[in-house]
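Residue-level structure breakdown
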Amino acid sequence: MAVIDAPVAARTSREVNRQARTAWGLTTPALALMFLILLVPVVVAGVLSFTNYSLGNSSFDWVGFKNYDRLLSRSTYEKMFIATFTYVVVVVPVSVALGLGAALLVNSLGRIGDVYKTIYFLPVMATLLAMAIVWEFMLHPTIGVINQTLELSCGTFLEAIRFFGNGCADGFPLWLGDRDYAIWVLCFIGVWQGFGFNMVLYLAGLTGVHRELYHAAEMDGVKSAWERFRLVTWPALGPTTVFVVTISCIRAFQVFDTVEAFWPQGGGPNKSTYVMMFAIFEKGVQQNLIGIGSAITMLFLVFVMFLTLIQRWLVERKVHY
Amino acid sequence: MTRDIWKHLILVIGAIIVLAPFYMMLSYSFKSPGEIDRGTGGFFGRQEMMVDERCVQLRDPNRDEIAAAAPQYPGKSDREIRDAIMEEAAVACAMRPVVFNYTKAFIEAPLLRYLLNGVIVTVSIFVIQVLVALPAAYALAKLKFWGREAVFGLVLFCLLIPVHAIALPLYIILAKVGLTNTYAALVVPWTISVFGIFLMRQFFMTVPDDLIDAARMDGMTEFAIVWRVMLPTAVPALLAFAIFSIVAHWNDYFWPRIVVTGSRDLFTPPLGLREFKGDADGSFFGPMMATATIIVTPLIVAFLVAQRRFIEGITLTGMK
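Residues numbered from 1 in each chain as written. Chains lettered and ligands numbered in written order. Predicted model: local features only at pLDDT ≥ 70, side-chain atom pairs only at ≥ 80, totals over all residues. Heavy atoms only, no water.

1. Quick notes on the interface of chain A and chain B
Worth spelling out the cut-off: Only heavy atoms matter for contacts: two residues are in contact if any of them lie within 4.5 Å across the pair. Summed over both partners, buried area is the accessible surface (1.4 Å probe) that two parts give up on being assembled. In the sections that follow, a salt bridge refers to a side-chain nitrogen of Lys or Arg positioned within 4 Å of a carboxyl oxygen of Asp or Glu. Any pair of nitrogen or oxygen atoms within 3.5 Å is treated as a polar contact; in protein, a donor-acceptor pairing is required on top of that, and neighbouring residues in sequence qualify only through side-chain atoms on both sides. In DSSP terms, a helix is any run of H or I states spanning at least four residues, a strand is any run of E spanning at least two, and both are numbered starting from the N terminus. Following the grouping adopted for this structure description, the nonpolar residues are Ala, Val, Leu, Ile, Met, Phe, Trp, Tyr, Cys and Pro, the charged ones are Asp, Glu, Lys and Arg, and the polar ones are all others, Gly among them.
At the interface, 86 residues of chain A touch 92 residues of chain B. Both sides of the chain A and chain B interface together cover about 8100 Å² of buried area, and 80% of this is carbon and sulfur. By the criterion of area lost to chain B, the three top residues of chain A are Leu26(A), Met125(A) and Phe137(A), representing 9% of everything that side buries. Inspection of the chain A/chain B interface yields 2 salt bridges. Put simply, Arg274(B) and Glu260(A) hold a salt bridge, and the shortest N to O gap is 3.0 Å. The tally of links from chain A across to chain B stands at 17 residue pairs in polar contact (both at pLDDT 80 or more). Looking at the side of chain A that touches chain B element by element, the count peaks at 23 residues for helix 1 (residues 2-48) of chain A. Here the residues of the side of chain A that touches chain B are counted per class, giving 66 nonpolar, 14 polar and 6 charged.

Listed below in structure tokens is the structure:
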């Protein structure tokens, strides 16, 4: 037997070798690009964040943790963190909640609901920069349609409300130019753009909820719609929620287009909308302060990776809360 | 039934807020500057003839032109001749606001060039992504080789790195190599789609081994199997991935903003619109909105036509 098997074994091992060689041949381009485009830049940013390098300079000095020190001590960067986290903390829950709400309503309406689905998805498809410019027009303090509409309230009962009363007396807010409103307007547009995406993900999640679960709940005496949602729908949507929250967080962290369109210089009134992506762009690219830009990049990567790892951990534990 | 009415009411209010900017964009792109300033004219504007000031200025005759035109206006002073010519110019330059806005959009900036650049960039990104990702995904899904787990682990790790986040070091590297302000700079960072590899691998896992064995029996090389057997089976997944990729890169503003600084020749549509905004005075709101409409329209129309596929494509990221 062994005599007959030997050549077969040799042939299979040759076969295995050949397959391994082809496999490496097929993966090499992807591997090379992964290293060059994704991993090398992370290392480069890590190294440069300890230097005072500028493009065009032939040499640079090692400055240790000075760049990180600055990030944590200067008030500009404090504003950067406040703006970024305010944006994330507002946009993520609101767009997830609206996405879920819209999905539940659309789903309960059957085929007619599809019209709303189409409409709510439009902002996801549209070029955000173009839509930001439209919003800017609409929010224009004098000729913008929003303040023109608000002015219609003047002279009516609405003036009794403080917001309208003050607006009619002293003019309605400047919106994008007003440091008290700027970040909230930015958040609003973030929600406007993103909740349709969450809705669609939830709609996909809802198709996976088994009908029997509702029947079973009814058998057990669950009558009200709220109880049905709390006991059946919400737990079944657990994995979808984990995913929707993570992807919303990552997208919210990366907000840039609207900030650059509204405030090309300096990140808004009193730096109230100076988000991290804009800071990387302004410091690193425009002002050529690559050390500090790289330090922000590294912090940014830490946040994003941390979020994704939490998500993977939750998914692996198959959390149904 | 009454419950449904409440649902519709809530959803309609939502729809109005979502659609408002689209409505305003279209409406502004139809209106004359005056109507935009005053906020009058309804959706389409009144479409009264308006005079294009810049066009009239261009026809303002100089001395030689007045002298040349003199025989046509016998017995008139130079001043009267100029007035007559300007009057003719005003007539010739009169047009409907909607025509004015949309022609200006194409004339004031090389919008066609921008659109072409957008197509070139998005299409090359997608093609290269597929050329790189498909073989790797096939190897990871169907070939046994030493180190496969490590490669797949690397893919999973790289999924953690958003390309936008490492834009600064990428920009520095490209600047060092001297590639900024080229098509290559716009395309290169996106050539590797780790997500694409992951997605195609998951898809190939579901393809039966018999299909591949049969192809091997027929004497096909592994390379041929990737393109002649696996590619055709992967068409639905590839279509979804194409939509995902094209929507992301047609709309991308951050990366082009970083690597294209000088020449308008390389501007993608969002960059072109941004520049338009930079030097626009009040009277150019109309043409700018026309530009915005032109840039947004292709994807919106495609979406409305093939809605299901688009939603599938965009929500691909939802696959685990």
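2. Brief notes about the domain arrangement of chain A
How big an interface is tends to be stated in terms of accessible area lost as the parts join. All names here are of chain A. For the record, the criterion: Note that the domain bounds were set by an automatic or database domain assignment.
Taken domain by domain, chain A holds domain 1 (1-48) and domain 2 (65-316). The interface is formed by 4 residues belonging to domain 1 together with 7 residues belonging to domain 2. Summed over the three residues of domain 1 that lose the most area to domain 2, namely Val42, Ala45 and Leu48, the buried surface amounts to 86% of that side. In this structure, the connection of domain 1 to domain 2 is made through 0 salt bridges. If you look at where domain 1 meets domain 2, you find 0 residue pairs in polar contact (both at pLDDT 80 or more). Residue composition of the side of domain 1 that touches domain 2, grouped by class: 3 nonpolar, 1 polar and no charged.

3. Considerations on the environment of Ser77(B)
Residue and element names in this part refer to chain B. Condition: Using a 1.4 Å probe on the protein chains alone, a residue whose accessible area is under 20% of its type maximum counts as buried, one over 50% counts as exposed, and one in between counts as partly exposed.
Within the secondary structure, Ser77 is located in the loop between helix 4 (63-69) and helix 5 (78-92). On the accessibility criterion, Ser77 (36% relative accessible area) is partly exposed. A C-alpha to C-alpha distance of 9.9 Å links Ser77 and Ile66, two positions 11 residues apart in sequence.

4. Describing the packing of aromatic side chains
Note the cut-off: The criterion for an aromatic pair is that two Phe, Tyr or Trp rings (for Trp, the six-membered ring) have centres within 6.5 Å, with stacked assigned to planes under 30 degrees apart, edge-to-face to planes over 60 apart and tilted to the rest. Two thresholds decide whether a charge sits over a ring: the Lys NZ or Arg CZ must be within 6 Å of the ring centre and within 35 degrees of the ring normal.
Tallying each qualifying case throughout the model produces 42 aromatic pairs over all chains. Aromatic side chains Tyr53(A) and Phe60(A) sit 5.7 Å apart centroid to centroid with 90° between the ring planes, which places their arrangement in the edge-to-face category. By relative accessible area, which is 33% here, Phe60(A) ends up partly exposed. Consider the rings of Phe253(A) and Phe303(A), whose centres lie 5.6 Å apart with planes at 20°: the pair is stacked. One end of the pair, Phe253(A), is in helix 11 (residues 238-253); the other, Phe303(A), is in helix 14 (residues 290-316), with 50 residues separating them in the sequence. Clustering of aromatic rings is evident, with ring pairs tying together Phe256(A), Tyr274(A), Phe278(A), Phe281(A), Tyr253(B) and Phe254(B). Just above the ring of Phe197(A) sits the side chain of Arg251(A); from NZ or CZ to the centre is 4.5 Å. One cation-aromatic arrangement involves Arg201(B) over Phe152(B); the distance from NZ or CZ to the ring centre is 3.8 Å.

5. Description of the packing of helix 14 of chain A against helix 9 (residues 167-177) of chain B
Here is the rule we go by: Here, axes are lines fitted to C-alpha atoms. For helices the fit covers the stretch in contact, and angles between N-to-C directions go from 0 to 180 degrees. Angle categories: roughly parallel below 35 degrees, roughly antiparallel above 145, roughly perpendicular from 65 to 115, and oblique for all the rest.
One can describe the packing of helix 14 of chain A onto helix 9 of chain B by two numbers: an axis separation of 9 Å at closest approach and a directional angle of 140°. Considering their axes alone, helix 14 of chain A and helix 9 of chain B lie oblique with respect to each other. Here helix 14 of chain A contributes Ile290(A), Gly293(A), Ser294(A) and Thr297(A) to the contact with helix 9 of chain B, which in turn contributes Leu168(B), Pro169(B) and Ile172(B). Residue composition of the contact of helix 14 of chain A with helix 9 of chain B, by class: 4 nonpolar, 3 polar and no charged.

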